[in-house]
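One-letter residues, chain by chain:
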Amino acid sequence: MPVKKTKKNSNAAEILVKPVGKFGGLDNIHIALIALVVIMAAILVVSNYLEQPVASITSNTSSTCTYGSLNGTCVSPVHNTTQVKNAVENYLANYASSNTSLSVLPFISNTSQMDISYIPSAKEWYVQVPFKEPGSNLQYYFSALVNDKNMSNITPYIETSKPALSGNNTVVGYGVVRLGSEAIACNSTNATSVYWFVDPYAPGSISSLNNFTQLRSRFGSRINASIKILFTQYSQQVANSYGVQNADQLGEYILCASAQPGFGSFEQSLNRIYTGSYISKNELASIANDSGLNNTQLGTCLQNSTTTINFQHDLAQHYDVIATPEIVTACKYLAIPQTASYSVCYAHPSACAS
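Computed from a prediction, not measured in an experiment: that's the story for all the values here.

(A) Main features of the state of the cysteines. Taken as a whole and assessed by the stated rule, the structure comprises 2 disulfides. The disulfide partner of Cys-256 is Cys-301, and the gap between their sulfur atoms is 2.1 Å. Between Cys-256 and Cys-301, the S-S dihedral sits near -85°, and the bridge is therefore left-handed. With a gap of 45 residues between them, Cys-256 in helix α6 (residues 244-257) and Cys-301 in helix α9 (residues 295-303) connect regions that are remote in the sequence. Cys-301 sits in the partly exposed class, given a relative accessible area of 25%. A sulfur-sulfur separation of 1.8 Å characterises the disulfide bridge that pairs Cys-345 with Cys-352. The sign of the -90° torsion about the S-S bond sets the Cys-345-Cys-352 disulfide as left-handed.

(B) Quick peek at the packing of α6 against helix α8 (residues 281-290). Running from amino to carboxyl end, α6 crosses α8 at an angle of 15°, the nearest separation of the two axes being 10 Å. Overall, the two elements α6 and α8 adopt an arrangement that is roughly parallel. Here α6 and α8 pass one another in a crossing that is right-handed. On α8, the residues that touch Gln-249, Leu-250 and Tyr-253 of α6 are Lys-281, Leu-284, Ala-285 and Ala-288.

(C) Focus on helix α10 (residues 305-318). Compared with the 20 Å implied by 1.5 Å per residue over 14 residues, the 20 Å span of α10 between its first and last C-alpha is a close match. In the stretch just after α10, Asp-320 is the one whose phi turns positive, near 55°.

(D) Layout of the sheet that holds strand β5 (residues 115-119). Taken in spatial order, the 4 strands line up as β5-β6-β7-β8 in an open sheet, and their pairing is antiparallel. Whereas interior strands pair on both sides, the edge strands pair on one side only; in this sheet they are β5 and β8 (154-156). The mean inter-strand angle of the sheet, taken between neighbouring strand axes irrespective of direction, is 25°. In terms of strand pairing, strand β6 (residues 124-131) meets strand β7 (residues 140-147) through 8 bridges, oriented antiparallel. By the bridge assignment for β7, Val-127 is matched with Ala-144. Strand contacts of helix α2 (residues 81-93): β5, β6, β7 and β8, with the helix running at about 55° to β6, the strand carrying the most contacts.

(E) Region of the structure containing the environment of Leu-92. For Leu-92, the location among the structural elements is in helix α2. Along the backbone, Leu-92 and Asn-169 are 77 residues apart, and their C-alpha atoms lie at a distance of 8.9 Å. With residues near it in sequence (within four places) discarded, Leu-92 still touches Pro-106, Ser-109, Thr-111, Val-129, Phe-142 and Val-171.

Parameters at a glance
- Residues numbered from 1 in each chain as written.
- Predicted model: local features only at pLDDT ≥ 70, side-chain atom pairs only at ≥ 80, totals over all residues.
- Heavy atoms only, no water.
- Disulfide = S-S within 2.5 Å.
- Helix = DSSP H or I, 4+ residues; strand = E, 2+ residues; numbered from the N terminus.
- Buried < 20%, exposed > 50% of the residue type's maximum accessible area, 1.4 Å probe, protein only.
- Axes fitted to C-alpha atoms, helices over the stretch in contact; angles between N-to-C directions.
- Parallel < 35°, antiparallel > 145°, perpendicular 65-115°, else oblique.
- Left-handed = near helix turned anticlockwise from the far one by under 90°.
- Contact = heavy atoms within 4.5 Å.
- Expected span 1.5 Å × (residues − 1).
- Pairing = 2+ DSSP bridges.

Here is the structure:
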């Protein structure tokens with residue numbers, strides 16, 4: 001979708017005016033909210049089904065009928081399970097653009113374990129997709145009904161939270177969404193590109209820098225990971241109180257520090273003092289100095305950071321990055337900080353072979 005820009009003076013980077021952020025950290029609250037809505041809606045729908053007359057339906061594992069039978073006669077749906085799976089994977093990907101807690105669904109859903117059953121009496125497919133928080137053993141299910149005649153007619157059990165259907169992005173693996181189009185090809189190198197988009201003042205962005213350094217440490221030269229600064233409404237809020245140039249400084253320091261070996265120390269110090277509010281230039285300079293960064297290299301980078309960040313805004317527009325933190329891997333896979341490693345392994349399995 002097109003992204004509107006608000007032009008500022010020539011000494012400052014552009015501000016992208018975005019919807020409310022959706023990737024402010026994948027935590028238990030997000031998962032609990034999603035699970036609660038799904039479970040309550042599922043109970044309501046199941047109750048409604050139980051109140052209706054039950055037809056004579058056999059399991060789709062019948063030895064004589066591939067998709068079951070109705071009143072003793074084998075049924076023949078218009079579509080097959082592979083087509084249903086593809087339709088649901090595309091449908092789930094659209095939640096990534098929703099401005100709700102459900103926006104994390106595409107990145108925590110395990111579509112490889114999707115359960116699909118045909119309901120002959122309703123001429124619909126019943127689908128269950130398990131999802132869980134990374135690192136957690138708690139599992140829930142996203143459930144939906146898919147109309148057999150019209151595969152675009154999908155009714156989730158969270159009916160009031162249907163995503164806006166646009167584009168052809170697809171959930172292709174746990175934590176990974178494949179972009180439907182790609183106009184800018186990655187450079188032909190052995191390393192997998194990882195673009196880590198952050199608005200420093202957006203919830204979850206500063207803490208995600210730890211995920212960034214961990215990813216670099218794990219994959220080393222097998223990936224080419226870089227920070228991309230995206231000033232959104234969160235930096236704009238800071239700019240309203242402290243001025244645009246002051247608001248931009250946090251992003252500029254993160255960008256320039258990430259190009260030096262001492263970035264791990266820099267992000268750790270930053271995470272210790274960051275409280276979600278404005279950080280002054282003096283504080284940032286102190287952190288940079290204590291982290292052992294090369295001040296000459298840092299100063300040169302800071303002088304050119306406005307041009308660099310404006311280019312990164314254009315890059316974000318191309319990939320339709322609508323909030324941060326968000327990751328683009330190999331120029332065609334979306335992920336969130338907690339699932340970035342999954343996107344690397346999906347893009348290039350050889351990177352995870354050892």
